[in-house]
Amino acid sequence: MALGYLSAMLKSAQAGKYAIAAFNIIDYNSARAVIDGAQEMNAPIIIQLSVKTIRLWGFKPIASWVHAFAADADVPVALHLDHCKDLDVIRGCIDAGWTSVMFDGSALPFDENVARSLEAYEIAQAAGVGLEAELGAIGGTEDDKFVAEDEAILADVDECIAFCAAMPKLATFAPAFGTAHGFYKGEPKIAYDRLERITAKVDIPIALHGGTGLTEQQFERCIQSGCAKVNISTMHKQQFIDGFADLRRKEPTNNEPIPYIAAQYDAMKSGVKQMIGLFGSDGKASVTAAR
Ligand code: 13P
């Protein structure tokens, strides 16, 4: 089918109390593993890209892989841009065929974040694609962004209300509520009360950043509290590397590349299927609106 749109897909997930997995893909093989995993689970899926990965491969090649895989799949697939501060990259994605984008103004003072996010919102609205925007400071490392644990700031509930009121058609909203990018060092400090106070006042589906390393119970509670999109990057990258390295360790004299590509694919796809199972989106393809 044609690519799906984040807003419609996440509204279905929000209403059905499941979450759609959003994987930060790395290359062609990783995109294939994510979409095939979703297809095998009959689940909607979000392919998302960090700016660094787009700079490596280019807008058009990525869009052409994902459009081609989605065309052959029976499940809704959205193509999304993860954390981006550069409106030119946002425009480049939209021009190449992305169906949603994220503007990350979370490092800016509140008023400036609203003003800059609004610029991105208007660009996205005019193009008919979805926008994700962030408030507060999510800890950890993602792409070129690093927020130290003591600098992570939970989103303020009143600011969340004002932020979302300025952008009522936001496809998804990413308030910081204690999850963090990268591997958790120790127990994650998830502020469920903050998340629940936000979702009591804001009706926009919530994006959970920092999905790697959370437990089934933690996912379940966040999803029941309004998270409709769960981002997974670090785990996927680890499986990309381990899939290759494990085979090399097992078969040190195997110098044929294709088995390595197959091993990476299998490792990544099994992670995708595991996460879809945890997020309750397995079997939800037919009840997820694509546009
Ligand atoms: P992890 O790297 O912790 O999986 O987080 C991914 C993410 O939130 C991407 O924006």
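The coordinates are above.
A quick note: this is a predicted structure, and the numbers were derived from the prediction, not measured. (Residues numbered from 1 in each chain as written. Predicted model: local features only at pLDDT ≥ 70, side-chain atom pairs only at ≥ 80, totals over all residues. Heavy atoms only, no water.)

A. Layout of the pairing of strand 11 (residues 227–232). Most of strand 11 sits out of view: six of its six residues are buried. As judged from the four bridges shared by strand 1 (residues 20–24) and strand 11, these two strands associate in the parallel manner. From the neighbouring strand, Ala 21 faces strand 11, where its bridge partner is Val 230. Relative to strand 11, strand 10 (residues 206–208) runs parallel, the two being bridged by three bridges. Bridge pairing links Ala 207 to Lys 229 in strand 11. On the question of chirality, the crossover connecting strand 10 to the parallel strand 11 by way of helix 9 (residues 216–224) is right-handed. (Buried < 20%, exposed > 50% of the residue type's maximum accessible area, 1.4 Å probe, protein only. Helix = DSSP H or I, 4+ residues; strand = E, 2+ residues; numbered from the N terminus. Pairing = 2+ DSSP bridges. Right-handed = clockwise from strand over helix to strand, strands pointing away.)

B. Seen up close, the state of the cysteines. Scanning all chains against the criterion turns up zero disulfides. Not part of a disulfide, Cys 93 finds its nearest cysteine sulfur in Cys 84, a span of 6.8 Å. Cys 93 sits in the buried class, given a relative accessible area of 0%. We note that Cys 160 lacks a disulfide partner, and the nearest cysteine sulfur, in Cys 164, lies 6.4 Å from it. (Disulfide = S-S within 2.5 Å.)

C. Broad picture of unusual backbone geometry. One non-glycine residue, Lys 17, lies in positive phi territory at about 55°. Position of Lys 17 relative to the elements: it lies in the loop between helix 1 (6–16) and strand 1. Exposure remark for Lys 17: the relative accessible area of 43% places this residue in the partly exposed category. A positive phi angle, close to 55°, is found at Asn 42, a residue other than glycine. Assessed through its relative accessible area of 37%, Asn 42 is described here as partly exposed.

D. Structural context of empty space enclosed by the protein. Following the criterion strictly, the structure yields one cavity of 30 Å³ or more and no others. There is about 70 Å³ of room inside the largest cavity. Lining the largest cavity we find Asn 24, Asp 82, Glu 142, His 181, Gly 182, Gly 210, Gly 211, Thr 212, Asn 231, Ile 232, Ser 233 and Thr 234. Broken down by class, the residue content of the lining of the largest cavity amounts to one nonpolar, nine polar and two charged. (1 Å grid on protein atoms, 1.4 Å probe; cavity = no way out; pocket = protein on both sides within 12 Å on 5 of 7 lines; lining within 4 Å. Points joined across faces, edges and corners; volume = space filled by probe spheres on them. Nonpolar A, V, L, I, M, F, W, Y, C, P; charged D, E, K, R; others polar.)

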